[in-house]
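Each chain, written out:
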Amino acid sequence: MTAEISKFQFINVTKIFSDKRKDSRTVALENLNLAARTGEFICLLGPSGCGKSTALNLMAGFDKPTEGQVLLDGRPIEKPGLDRGVVLQEPTLFPWLKVTENITFGPRMNNAPGEEYIDKAKRYIDLVGLRGFENHYPHELSGGMRQRVAIARAWINEPSVLIMDEPFGALDAQTRLIMQELLLRVWEKLKTTVLFITHDVDESLLMADRVFVMTARPGRITMEVKVPFSRPRDAETLIFSKEFQEVKQKIVRVIKEETLKTMLEAKN
Amino acid sequence: MKKVWKIFNFEGAKEIFISMLAIAFAVFLWFLTTYMGWIKPLFLPSPQELIETVIELVAVGYRQISLQMHFLVSLARALFAFSMAGIIGIPMGLLMGFFPVINAILDPFVQFFRPLPKLALIPLVILWFGIGETSKFVLIFMATLLTVVVSVAAAVKNVSENRIRVARALGVNQYQLFRYVILPSVLPDLFTGMRVGVGIGWTTLIAAEMIAAHSGIGWMVLNASSYLRTDIVLLGIVILGTTGYLLDILIVMIQKRAVPWMGKA
């Protein structure tokens, strides 16, 4: 990590939430250090409450660190912007806009020339497999389809980083598998740097180049895993391979140990 | 023959049919009660008598003014007050919802006046605005305005934080956020606020027409009651109730057209 400039970095990031009324302090993140190369698919893995969503908020610019810095292309992040695409667990589409209008929202709000973004929209609609649904409203789509619109809506702006907060968490198991494969296919074509948040170990190992395992109280990185599987990855065969199960077991064990430790400390 | 029934095959048709049956049954009970003499005509005129009253008031009028005219006068008073309440109230509510400072300034007054029965304000309104149309307008206007403002301001504050965050991540500035995200988001609530406001404003009509009016359905009810013309009182009440109901339905219909996504995604 020396000569190479990272795409994004967390440098000694600490985030503390203080509640003046209850007179309490929550250390959501403590001394977080993380660096991603351009085009890397990074995963933050951990149970609920471990601070991964807080890290995402800092990256997206929805919040600022208490200490430390979050950098994109070497510059600190000040506020949300088009260069950091965001896909949340809820699709959060604009219900009064059709699919195409939702997807082209970013370009339209930022004075992109019309012909350009109309063509781009068609391309992304094809990429996420929604051809034929251009004029549908969100309430006419299924959850998986809405999430695909959300992904296209973020990606059309060609962000430097695509930030995804458990985007498939609200979907059923079958849809989730399809969406994971879809995301990987699109990512292989576009090679955007991705910061992907999840609590699902299988998902993290399937999708990412590197997985950062996080544990809570305080939120910190417990383990970094370089995912050894070559691409393209086939979900069905990969998940049942011995190698996969070994890596998974290692991670699960670490998470379990850390969680127990925290619970015991809390008791005393 | 079966094709004729197809036009009744729209959604909610069954419920509307049941409602109409319920109303028909109530009217039948009413007719039966008066026909059997269980209640004296002074207290409850029969349906037939009411129809005669309608004919009389349309032809001869009440105090030289026809029934249609009374109705139109009331409707005009109310609609004008509703329109002004919407035109002023909606922007006011939007500003209060979006700017905490404006909310801090205006909210105490809104919350103070809103629960006051407008009836109690009559002496004050007469003192300030006289006994002409202005004071009647003020009462209905106030009642509707305060409801609309509160509704709209609350709607703005309730726009989901996730939606705002996602919009910001798509590069909107403050103006764009307001115009292209917040405004469409609160559109359904704008209609709901108007619906409730119009409902409340319409009930204030009678109070407003207590102020030295010479026309209007509300005035007609009050005037007729002092002459013990129960039939006219009852007719006036039926007209007031039905019109209020129809106004509500109208707003809901416009809402369904303008905001087709409401209650869905």
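Here's a quick rundown of the structure. The residue numbers shown here count from 1 along each chain, following its written sequence. Chain letters and ligand numbers both follow the written order, the letters beginning at A and the numbers at 1. Note on the predicted model: pLDDT of at least 70 is required for a residue's local features to be given, and 80 or more for side-chain atom pairs to be given and counted; whole-chain, interface and lining totals, by contrast, use all residues.

1. A short note on the pairing of strand β9 (residues 210-215) of chain A
Residue and element names in this part refer to chain A. The cut-off we apply is this: Every C-beta atom is placed from the backbone, and the number of other C-beta atoms within 10 Å of a residue's own sets its class: buried at 20 or more, exposed at 12 or fewer, partly exposed in between. Only DSSP runs of H or I with at least four residues qualify as helices, and only runs of E with at least two residues qualify as strands; both kinds are numbered from the N terminus onward. Strands pair, by our definition, only if DSSP identifies at least two bridges between them.
Counting buried positions along β9 gives five out of six residues, so the element sits mostly inside the fold. The pairing of strand β3 (residues 41-45) with β9 spans four bridges and is parallel. Pairing of Cys43 across the sheet is with Val211, part of β9. The sheet contact formed by β9 and strand β10 (residues 220-226) spans six bridges and is antiparallel. Bridge pairing in β10 places Thr215 opposite Arg220. Counting the residues that bridge the hairpin from β9 to β10 gives four residues, and of these Arg217 lies at a positive phi of roughly 50°.

2. Quick word on the sheet that holds strand β6 (residues 84-87) of chain A
Residues and elements named next belong to chain A. Defined as follows: Angles run from 0 to 180 degrees between N-to-C directions of axes, and those axes are lines fitted to C-alpha atoms, restricted for helices to the stretch in contact. Contact between two residues is assigned whenever their backbone-derived C-beta positions fall within 7 Å.
With mixed pairing, six strands are arranged side by side in an open sheet as β6-β7-β8-β3-β9-β10. Two strands in the sheet have a free side with no partner beyond their single neighbour: β6 and β10. Averaged over all neighbouring strand pairs, the angle between strand axes comes to 20°, with direction disregarded. Judged from the five bridges that link them, strand β7 (residues 161-165) and strand β8 (residues 193-198) form a sheet pairing that is parallel. Looking across to β8, one finds that Val161 is bridged to Thr193. Running over the sheet, helix α1 (residues 52-60) touches β3, β6, β7, β8 and β9 and is turned about 150° from β7.

3. What about the interface of chain B and chain A?
To keep it simple, the criterion reads: Charged residues are taken to be Asp, Glu, Lys and Arg, nonpolar residues to be Ala, Val, Leu, Ile, Met, Phe, Trp, Tyr, Cys and Pro, and polar residues to be all remaining types, Gly included.
Taken together, the 15 residues of chain B in the interface contact 20 residues of chain A. At the level of elements, α8 (161-168) and α9 (174-209) of chain B are the ones that each hand at least two residues to the side of chain B that touches chain A. Sorting elements by how many residues they give to the side of chain B that touches chain A places α8(B) first, with five residues. Residue classes in the side of chain B that touches chain A are distributed as eight nonpolar, three polar and four charged.

4. Section: helix α4 (residues 114-127) of chain A
Residues and elements named next belong to chain A. Rule in force here: Expected helix span is computed as 1.5 Å times (number of residues minus one). Think of it as the arc spanned by the lines of direction from the helix axis to the C-beta atoms.
Taking 1.5 Å of rise per residue, the 14 residues of α4 would be expected to cover 20 Å, and the 20 Å separating its terminal C-alpha atoms lies within 8% of that figure. Turning to α4, its buried residues are Tyr117, Ala121, Tyr124 and Ile125. One side of α4 carries all its buried residues, which in axial view fall inside an arc of 100°. Seen from the open side of α4, the exposed residues pointing more than 90 degrees away from its buried face are Glu115, Glu116, Asp119, Arg123 and Asp126. Close packing links the buried residues of α4 with α2 (99-103), α3 (105-109) and α5 (143-155).

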